[in-house]
Amino acid sequence: MKSASLNSGATDGSLVDVVRGGYCVGCGACAAVADPPVAMKFDRFARYTPERVSAARGTASEQVCPFLAGPNEDVLAAQQFGELGGGHDARLGWYQGLYAGHALERRHRDEGSSGGLTSWLLAELLHRGLVTGVIHVRPLEENGRPRFAYTVSTSIDMVAANAKTRYYPVEMSEVMAHVRATPGRYVFVGVPCYVKAVRRLMRDDAVLKERIVYALSLFCGHMKSGRFAESLAWQMGAKPDDWKTVDFRRKLSDRPASSYGFAVQPHDGAAESVTPMGKLEGYDWGMGVFRLSACDYCDDVVGETADASFGDAWLPAYVNDSAGTSLVIVRHPELQQLFVEAGRDGRIALDASSVDDMVKSQDASFRHRRTGLAYRLWLKDKKGQWRPTKRVQADASHVVPIYRLIFRYRMFMSWSSHLVFAIARDMKMLPVYTLYVRVLARLNKSLVGLSRSPRFSRRG
Ligand SMILES: Cc1cc2nc3c(=O)[nH]c(=O)nc-3n(C[C@H](O)[C@H](O)[C@H](O)COP(=O)(O)OP(=O)(O)OC[C@H]3O[C@@H](n4cnc5c(N)ncnc54)[C@H](O)[C@@H]3O)c2cc1C
Ligand code: SF4
Ligand code: SF4
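This structure is a prediction, so every number in the text was calculated from the model and none was measured. (Residues numbered from 1 in each chain as written. Chains lettered and ligands numbered in written order. Predicted model: local features only at pLDDT ≥ 70, side-chain atom pairs only at ≥ 80, totals over all residues. Heavy atoms only, no water.)

### Some details on the sheet that holds strand β13 (residues 308–312)
Taken together, 8 strands build an open sheet; the order of strands is β7-β6-β8-β9-β13-β14-β5-β15 and the sheet is mixed. Two strands lie at the open edges of the sheet, namely β7 (148–153) and β15 (348–352), each paired on one side alone. On average, each strand axis in the sheet is inclined to that of its neighbour by 30°, with strand direction left out of account. In this structure, strand β6 (residues 133–139) lies alongside strand β8 (residues 186–190), joined through 3 bridges in parallel fashion. Its bridge partner lying in β8, G133 is registered against Y186. Against the sheet, helix α8 (residues 192–204) makes contact with β7, β8 and β9 (212–218), and its axis sits at roughly 160° relative to β9, the strand it touches most. (Pairing = 2+ DSSP bridges. Helix = DSSP H or I, 4+ residues; strand = E, 2+ residues; numbered from the N terminus. Axes fitted to C-alpha atoms, helices over the stretch in contact; angles between N-to-C directions. Contact = heavy atoms within 4.5 Å.)

### Comments concerning the domain arrangement of the chain
Here the domain parsing of the chain yields domain 1 (15–224 + 291–365) and domain 2 (227–279). A straight line from the C-alpha centre of domain 1 to that of domain 2 covers 24 Å. Contact residues are listed per partner, giving 30 residues for domain 1 and 23 residues for domain 2. Taking both sides of the interface into account, the surface hidden between domain 1 and domain 2 amounts to around 2,200 Å²; carbon and sulfur atoms contribute 51%. When the buried surface of domain 1 facing domain 2 is broken down by residue, R147, Y167 and S322 rank first, second and third, together holding 28% of it. Across the pair D247 and K164 runs a salt bridge, and its minimum N-O distance is 2.7 Å. For the pair domain 1 and domain 2, the number of links is 14 residue pairs in polar contact (both at pLDDT 80 or more). (Domains from an automatic or database assignment. Buried area = accessible area lost by both parts, 1.4 Å probe. Salt bridge = Lys/Arg side-chain N within 4 Å of Asp/Glu carboxyl O. Polar contact = N/O pair within 3.5 Å; in protein donor to acceptor, adjacent residues only side chain to side chain.)

This is the structure we're talking about:
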């Protein structure tokens with residue numbers, strides 16, 4: 001793998017290049033600047049995109065976009081944490097502490113996706129008066145779209161009610177307008193590119209800089225369009241637009257933590273239904289159905305610019321505990337102290353972890369976002385198309401032919417899943433989608449099988 005902070009190949013682009021090129025993740029940062037020239041819309045593929053973008057250069061919106069030129073993750077993280085000492089790893093960024101553990105207080109572990117340490121920390125920050133509001137994601141239970149949105153929680157009960165991972169697009173412009181209008185001390189929670197965008201927003205915005213006192217990240221494999229939720233709910237009998245809410249991460253007590261369930265709550269008061277995710281078409285995270293195309297051009301897996309990052313400890317020592325265990329990378333010294341104290345006082349269970357374990361737990365993501373990204377950037381350069389500057393250099397020389405095929409096939413699976421589901425939805429015929437995904441999965445399995453054979457995995 002070649003990794004570097006500087007890269008040729010790409011040139012500075014504009015918001016139009018980001019949106020037209022399929023690099024927009026829909027974060028809403030460009031619409032979260034003061035007096036925004038753009039507004040976010042939820043499109044027909046259930047993704048957020050900005051409206052009214054222009055090719056104008058040097059605008060505030062352009063400065064904050066995580067896919068445009070400006071300080072990258074290395075620079076932003078060095079500004080935040082570089083002077084603090086501690087450890088550093090090229091894949092995890094700076095760190096004061098690396099842990100695996102779970103919450104013992106309240107019901108954060110039961111109510112969370114993994115060990116509930118994200119919600120535990122958010123509650124602890126509120127409890128100690130270190131923040132007055134938590135910017136995170138809540139379900140919207142009204143009919144229609146979207147189904148989840150950023151919100152501000154101001155009590156521990158609200159934090160608990162809004163726990164759980166939401167594999168669903170959200171945008172930050174509305175909640176940032178609220179933060180601007182409402183004095184307080186806030187903690188922001190987001191996936192890595194959102195935290196990067198918030199760091200960039202805070203650079204030029206004195207109000208946000210003063211009010212957002214911590215930023216936390218979730219590790220991130222990729223983001224799905226809103227159709228992912230619909231596709232799973234539909235397979236369980238709830239037609240699109242005909243359910244109240246879903247839970248992507250229902251813990252199943254008789255299975256490992258990685259074999260979680262999917263739950264659908266219908267609108268009509270009927271009982272909630274729960275199915276192991278592995279029984280639903282499109283569950284395989286490696287296939288990347290409904291993946292946003294921007295995620296194919298991302299090189300931050302753990303949220304290197306965040307004060308603390310949280311992931312799933314699907315490692316041999318923890319995965320068989322169905323109650324769930326969190327991985328935590330702590331970068332901010334005050335948060336490090338909170339974790340150490342709470343571990344010592346028996347309020348959370350905390351084991352020291354290692355760089356190797358953290359990286360091993362996200363092995364597939366690092367492969368996709370290092371080797372795979374280098375190859376995808378090379379493909380873009382070969383076609384002479386604009387693409388964002390990344391910390392990984394465009395390169396195909398290290399990718400054997402079978403992996404080239406796999407990386408291309410993965411892009412095809414994501415791209416085509418959006419289209420085929422739209423057709424199935426218009427025709428009101430779910431099998432159009434499920435049969436298609438079954439065929440995709442079979443071919444994917446064959447390709448992965450071939451890649452493991454010595455005959456195909458050698459350099460050509
Ligand atoms: C799109 C996505 C992809 C992910 N991919 C990986 C991965 O590849 N590997 C991995 O180890 N972990 C991944 N995670 C993180 C993982 O699913 C858990 O969220 C994490 O381990 C924290 O668990 P917890 O029990 O500590 O969190 P909880 O206590 O359940 O709290 C989760 C917090 O995150 C907030 N939240 C949920 N969804 C979002 C969202 N979309 N945007 C912003 N805030 C949100 C909630 O409101 C809540 O405050 C991903 C999360 C998301 C949203
Ligand atoms: S990635 Fe975010 S900031 Fe960039 S264009 Fe899309 S919504 Fe705007
Ligand atoms: S994979 Fe990267 S670009 Fe996609 S949502 Fe996650 S952090 Fe953002």
